[in-house]
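Architecture at a glance
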Amino acid sequence: MKVLKFGGTSVGSPERIEQLLPIINSQQAEKHLVVLSAVSGTTNDLVALSALYAKKDIEAAHAHIDALYEQYKKFVHQLFKTEEGIAEALTFIDKIFDLFYQFKNKNFTLAAERIILAQGEIISTTLFHLHLKEIEVPSVLLPALEFMLIDENNEPDVEYIREHLSQEISKYPEEKLFITQGYICKNAQGEIDNLRRGGSDYTASLVGAALQVEEVQIWTDIDGFHNNDPRYVQNTKSIAKLSFDEAAELSYFGAKILHPQSVFPARKYNVPVRLLDTMNPTAQGTLISGETTNQNQIVAIAAKDGITAIRIQSSRMLMAYGFLRKVFEIFERFKTPIDMITTSEVAVSLTIDETGSLSEIVKELELFSTVEIDNDQSIICIVGDFRKNNHGYATVVSEAVKHIPIRMISYGGSENNISLLIPSIHKIEGLRSLHNRLF
Ligand SMILES: Nc1ncnc2c1ncn2[C@@H]1O[C@H](COP(=O)(O)OP(=O)(O)O)[C@@H](O)[C@H]1O
Ligand SMILES: N[C@@H](CC(=O)OP(=O)(O)O)C(=O)O
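Conventions we followed
- In every chain, residue numbers begin from 1 and rise along the written sequence.
- Written order decides the labels, with chains lettered from A and ligands numbered from 1.
- Local features in this predicted model are restricted to residues of pLDDT 70 or higher, and side-chain atom pairs are both shown and tallied only at a pLDDT of 80 or more, whereas totals for entire chains, interfaces and linings draw on every residue.
- Hydrogen atoms and water are omitted, and side-chain values are computed over all heavy atoms in the structure.
- UniProt positions are given in the numbering used here, feature names are shortened, and annotations may be inferred rather than shown by experiment.
- Here a strand is any run of E in DSSP of at least two residues, a helix any run of H or I of at least four, and the numbering for each starts at the N terminus.
- Three labels apply to residues, based on accessible area from a 1.4 Å probe with only protein chains included: buried if under 20% of the type maximum, exposed if over 50%, partly exposed otherwise in between.
- Residues are treated as being in contact if the distance between any of their heavy atoms lies within 4.5 Å.
- When a carboxyl oxygen of Asp or Glu is within 4 Å of a side-chain nitrogen of Lys or Arg, the pair counts as a salt bridge.
- Throughout this document, a residue counts as near a molecule or strand when at least one of its heavy atoms sits within 4 Å of that molecule or strand.
- Pairs of N or O atoms within 3.5 Å make up the polar contacts considered here, provided that, within protein, one atom can donate a hydrogen while the other can accept it, and that residues adjacent in sequence are counted only when both atoms are side-chain atoms.
- Using a 1.4 Å probe, accessible areas were evaluated by the Shrake-Rupley method; residue-level cover was limited to the displayed protein chains.
- Along the arc lie the directions from the helix axis toward the C-beta atoms.
- We call Asp, Glu, Lys and Arg charged. Ala, Val, Leu, Ile, Met, Phe, Trp, Tyr, Cys and Pro are nonpolar, and the rest, Gly among them, are polar.
- Only Phe, Tyr and Trp rings are paired, with Trp represented by its six-membered ring, and only when their centres lie within 6.5 Å; those with planes under 30 degrees apart are stacked, over 60 edge-to-face, the remainder tilted.
- By the convention used here, strands pair only if DSSP detects at least 2 bridges between them.
- Axis definition: a line fitted to C-alpha atoms, limited for helices to the stretch in contact. Angles are taken between N-to-C directions and run from 0 to 180 degrees.
- A clockwise path from the first strand over the helix to the second, with the strands pointing away from the viewer, defines a right-handed crossover.

Under the present numbering, the feature "binding site: ATP" (unreviewed entry) in UniProt falls on Lys5, Phe6, Gly7, Gly8, Thr220, Asp221 and Arg231. By secondary structure assignment, the location of glycine 7 is in the loop between strand 1 (2–6) and helix 1 (14–18). A relative accessible area of 5% means that glycine 7 is categorised as buried. When near neighbours in sequence (up to four residues on either side) are disregarded, glycine 7 contacts Ser37 and Trp219. The residue glycine 8 is located in the loop between strand 1 and helix 1 in this model.

Another point: the pattern of salt bridges. Pairs may arise between side chains of opposite charge once their charged atoms sit close together. With the rule as written, the count across this model stands at 21 salt bridges. Here arginine 311 makes a salt bridge to glutamate 372, at a shortest N to O gap of 3.2 Å. Of the two residues, arginine 311 sits in strand 11 (residues 298–313) while glutamate 372 sits in strand 14 (residues 370–384), which places them 61 residues apart along the sequence. Given the relative accessible area of 25%, arginine 311 is considered partly exposed. Residues joined by salt bridges that share partners form a network here, namely Arg114, Asp193 and Arg196.

Bringing the site of ligand 2 into the picture now. Taken together, Lys5, Gly7, Gly8, Ser37, Ala38, Thr43, Glu121, Tyr183, Arg197, Gly198, Gly199 and Ser200 are the residues near ligand 2. A distance of 2.7 Å is found between an oxygen atom of ligand 2 and a side-chain nitrogen or oxygen belonging to arginine 197. Relative to its free-state accessible area of 340 Å², ligand 2 is covered by the protein chains to the extent of 81%.

With that settled, the discussion passes to the side chain of threonine 42. One can find threonine 42 in helix 3 (residues 42–54). For threonine 42, a relative accessible area of 3% corresponds to the buried category. Those residues in contact with threonine 42 that sit more than four places away from it in its chain are Tyr72 and Gly120.

Taken together, the buried positions of helix 11 (residues 323–333) are occupied by Phe323, Val327, Ile330 and Phe331. The arc enclosing the buried residues of helix 11, seen along the axis, measures out at 95°, which places them on a common side. Projecting away from the buried face of helix 11 at angles above 90 degrees are the exposed residues Arg325, Glu332 and Arg333. Check the buried side of helix 11 and you find it contacts strand 11, strand 13 (347–352) and helix 12 (358–365). Once helix 11 finishes, lysine 335 follows within two positions and takes phi at roughly 45°, a positive value.

For the rest of this paragraph, the subject is the site of ligand 1. Taken together, 17 residues lie around ligand 1, and Lys5, Thr220, Asp221, His226 and Lys256 are the ones closest in. Within the side chain of threonine 220, an N or O atom sits 2.8 Å from an oxygen atom of ligand 1. At 2.8 Å from a nitrogen atom of ligand 1 is found a main-chain nitrogen or oxygen belonging to histidine 226. By residue class, the composition of the shell around ligand 1 is 5 nonpolar, 7 polar and 5 charged.

Tracing the backbone through its elements, the reader meets leucine 195 in the loop between strand 6 (192–194) and helix 8 (200–211). Among all residues touching leucine 195, those that are not within four sequence positions of it are Met148, Ile150, Tyr183, Cys185, Tyr202, Thr203, Leu206 and His259.

Tallied over the entire structure, the rule returns 13 aromatic pairs. Between tyrosine 53 and phenylalanine 108 the ring centres are 5.5 Å apart and the planes differ by 25°, which places this aromatic pair in the stacked class. Of this pair, tyrosine 53 sits in helix 3 while phenylalanine 108 sits in the loop between helix 5 (83–102) and helix 6 (110–134), placing them 55 residues apart in sequence. Tyrosine 53 gets classed as buried once you look at its relative accessible area, which sits at 2%. For phenylalanine 108, a relative accessible area of 16% gives the class buried. For the ring pair tyrosine 72 and phenylalanine 75, a centre distance of 5.9 Å and an interplane angle of 45° mean the geometry is tilted. A residue pair is termed a helical-turn pair when its members lie 3 or 4 positions apart in one helix, as tyrosine 72 and phenylalanine 75 do in helix 4 (residues 58–79) at 3 residues. Of the two residues, tyrosine 72 and phenylalanine 75, both sit in the buried class. Taken together, the ring pairs in this structure connect Tyr69, Tyr72, Phe75, Phe97 and Phe100 into an aromatic cluster.

Next up on the list: the sheet that holds strand 4 (residues 177–181). Across the sheet, which stays open at both edges, the 8 strands sit in the order 3-4-2-1-7-9-10-8 with mixed pairing between neighbours. Of all strands in the sheet, those bounded by a partner on one side alone are strand 3 (140–142) and strand 8 (241–243). Pairwise comparison of adjacent strand axes, ignoring direction, gives a mean angle of 20° for this sheet. Where strand 3 meets strand 4, 3 bridges bridge the pair, whose relative direction is parallel. Each residue of the ladder has a partner; that of valine 140, found in strand 4, is phenylalanine 178. Of the strands in this sheet, strand 1, strand 2 (32–36), strand 4 and strand 7 (215–220) touch helix 8, which is tilted by about 155° from strand 2.

Moving on, we come to the pairing of strand 4. Burial runs high along strand 4: 5 of the 5 residues are buried. In the classification by handedness, the crossover that spans strand 3, the intervening helix 7 (residues 158–170) and the parallel strand 4 is right-handed.

Time to look at the sheet that holds strand 16 (residues 417–423). Pairing in this open sheet of 6 strands is antiparallel, and the strands run 12-13-11-14-16-15 from one edge to the other. Taken across any chain shown, the strands that pair with only one partner, and hence form the sheet edges, are strand 12 (341–343) and strand 15 (408–411). Here the strands of the sheet are splayed against their neighbours by 25° on average, with no regard to which way each runs. Taken together, the 12 bridges between strand 11 and strand 14 define a ladder with antiparallel strand orientation. By the bridge assignment for strand 14, lysine 304 is matched with isoleucine 379. Along the sheet, helix 13 (residues 393–400) makes contact with strand 11, strand 14, strand 15 and strand 16, crossing strand 16 at roughly 20°.

See the structure below:
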């Protein structure tokens, strides 16, 4: 079996949806499990709708629903060719939009928002399933809410997914094509929840790992992982092969093509992940696997925005032990992950991207140190083979960014990453300058 995930842009129009079946058929696996995202823009629309309901601006919420309904009505009329096909799809769409209206009388909770957000993927998968039905291609629509589960810590339960998804699939021994929703799941309280924005990639790798499939394919709008962010840098190139570790670093540090957590299940269960382009299906794309192939070279650059740097300075740090533990315990207590860290004898600087508890953290740190905060920072991450015998790369990197103010540098944390923290206003220039110098 192969898992094929198609992102928002790949299901973004009726024409794009019509292109999915030829791609699936070209795979020649015995069975295919297709994971779909919501039509591009829909999740943002549903986030906006939820915000209006939360503000109790019912009139604006309803105007928003009406506008989205018109878009989907048009979508249905373009995708379906027969009267029965159109009628069946519209009946389904009407049911979903009736649900959206129902929230007007309710106290709008987080659980309600998650129900609304889940509809994007329910719509796209159902429309694709009905489209296949109309063209007489058999397929089975598997509800992700029956098998995708996260625990109290928002961690997916791969064993649960394996057991319940296998059960679902085994009900249809003759069928070859299965469709399910990306992104959505149930949580430990049994409520509808999701795997956070961009989470359909994560769904694909979780179901691929759970079923130990031969390959997970992430179909998107570009021919694989590029060596720099194509939104900001010209002449980027697709990378043929990446190791799981390289892909994890790049996606965590901002390469939007892949959801950062999606590498972990694939690595743990050793399932290869291939990134492919729906607009150019024969392009080779990128294969992410356990193999290390990019030796003695720099592989790619990525950048992550929205970073806050915290400098913690204390005379008590001087020659003392236990200082860092005290600092880390505070971040742990507030469930705030630290990304980068550099230390000197009297101060430590670290970065976070979740600032929900920042003021409480600072209050606690100030009990034993002085704290300085820098907002609006970006981490530029350079991934390559930086084992200790490969000298000279640090010089090349610093040469490339010598005109940019650097707040922190991290080298040696792993053998394949050099990270720089710079003010976000210099990010694009940093990416371009490094690109020109390194590739
Ligand atoms: N290093 C990179 N390589 C390829 N694409 C990247 C990279 N960094 C950012 N991107 C962006 O990621 C986009 C694809 O991801 P995304 O929009 O999430 O796709 P989908 O909607 O199909 O899931 C590309 O169009 C590209 O602009
Ligand atoms: N629809 C969700 C999940 C997702 O993964 O979308 P995409 O594949 O378009 O990044 C979102 O917008 O976050």
